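Coordinates in review
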Amino acid sequence: MKNAITAFGFSLLTLMLPSEARAYDLDFTNLYVFGDSLSDSGNTFNSSKAGNQVDPTIPITPQSPPYFQGRFSNGPIWVDFVADSLEIDLKPSTDLSVVLPDSPILSPITITPDGPRVSFFFNGATTNQSVNFAFGGSQAGLAGLGEFGALLPGLLTQVAGFTNDLIVSDQIADPNALYILWSGANDYRSVDPPNPTQVVGNIQTAVNSLYNFGARNFLVLNLPDLGKIPRSLRLGSLLSTGFTDLTDQHNSLLDSTVNVLSQSLADINLISLDANNLFNQVLTNPGNFGFTNVTGTCLDEATFIACANPDEFVFWDSIHPSTASHQILAESTIALLKSQDNDESKSVPEPVSSASLGVIGLAWLFRKQLNQSF
């Protein structure tokens, strides 16, 4: 079942599937999500809220409202829509951490000599249900972005938290579940100089780790053009071009890595979703997707006042997509998965993500100019 699915010309008709379509005939028993704010359904909000109670200097992020129920958008995000379409109950990992009596574990955080950290003690709760481990602000390595990055688990820490729970409960990863990984952009915001080889290497390590514990079905997303998100555009063409170059380097390395993994790991079903392509389609023909604004933001980040027509904006804030964008990515994802499920021998047109644009990592080139931490 080696399937490295890399498609490019995803039709507008397929991309614009009706929002009410759901319950596709797919065989995934569970869904596991690892990544950053584009996939975070409340983990950073839950952990920062708990951390704020211990240390008031830790900001509760994102502020909800105007952000929607702890998500980095104005409504549900793409993994919410995907889980709903698959009729799967996807829980944030921070809802499952266990409180231990007479211990520093408060759930969802634990107190350490270096301050509060996210708790990954689940007592087996993550091994038999669908769980979202993604944290806004996470990087592809061990930690997260910004002053409070140590509070945030990176991609490798998220995966280690899950695999440790498998060890605790003496189980293997569900081979019939789908494991989604979307990470890397935050690394380019904080690392000087940026190192796409290391970032993609961390993603490869995450896939290998999950595979070694029994996972077989993977969905890996590349990055949208970081040079074309609103905050990058405000910095001028020189810097935005730099972000575009970083994106291209990352995506090229990721594509090669996915191909190697698909050829070297027996029985792996590795699906590659081209988020970059979808983003570019939306920017080129926004009207086909229902958008009227592809460069501005619905939310005024100075006043936290939102526009009256958020569904016409690709972006909710200067780096995160609107829920309308997330829905397009979700519909593309479901179409891709269903196409593969119907005929694994075919090369499936690969969706790309307009939602993916809101990647929280902007780049090292202007990290000192950013005063907002995600």
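Whatever comes next refers back to the structure up there.
Residues numbered from 1 in each chain as written. Predicted model: local features only at pLDDT ≥ 70, side-chain atom pairs only at ≥ 80, totals over all residues. Heavy atoms only, no water.

1. Topic: the environment of Leu31
Which entries qualify depends on this criterion: Secondary structure elements are defined from DSSP: runs of H or I of at least 4 residues count as helices, runs of E of at least 2 residues count as strands, and each element is numbered from the N terminus. In this scheme, a residue with accessible area under 20% of its type's maximum is buried, one over 50% is exposed, and one in between is partly exposed, where area comes from a 1.4 Å probe on protein chains only. Throughout, a contact is declared for two residues whenever any of their heavy atoms are within 4.5 Å.
With respect to the element layout, Leu31 can be found in strand β1 (residues 31–35). Its relative accessible area of 0% is what places Leu31 among the buried residues. Sequence separation between Leu31 and Asp174 is 143 residues, and the spatial gap between their C-alpha atoms is 9.5 Å. With residues up to four places along the chain from it excluded, the contact list for Leu31 reads Val82, Ala83, Ile88, Leu90, Ser130, Val131, Leu178 and Ile180.

2. Here we look at the pattern of salt bridges
Heads up, the rule is: When a carboxyl oxygen of Asp or Glu lies within 4 Å of a side-chain nitrogen of Lys or Arg, that pair is called a salt bridge.
This structure, assessed with the given rule, holds four salt bridges. A salt bridge links Arg71 to Asp80; the shortest N-O distance between them is 2.6 Å. Classification of Arg71 by relative accessible area gives buried; the value is 13%. A relative accessible area of 18% means that Asp80 is categorised as buried. Residue Asp89 pairs with Lys91 through a salt bridge whose shortest N-O separation is 2.7 Å. Here Asp89 falls in the exposed class, since its relative accessible area comes to 53%.

3. Brief notes about unusual backbone geometry
In this model, Thr61 is joined to Pro62 through a cis peptide bond whose omega is -10°. Checked against the element boundaries, Pro62 lands in the loop between α2 (43–54) and α3 (78–85). Note the cis peptide between Pro65 and Pro66, where omega equals 10°. Following the sequence through the fold, Pro66 ends up in the loop between α2 and α3. Unlike most non-glycine residues, Glu87 shows phi in positive territory, near 55°. Positionally, Glu87 belongs in the loop between α3 and β2 (91–92). Of note in this structure, Asp170 is not a glycine but carries a positive phi near 55°. Checked against the element boundaries, Asp170 lands in the loop between α4 (155–168) and β6 (178–182). Given a relative accessible area of 72%, Asp170 falls into the exposed group.

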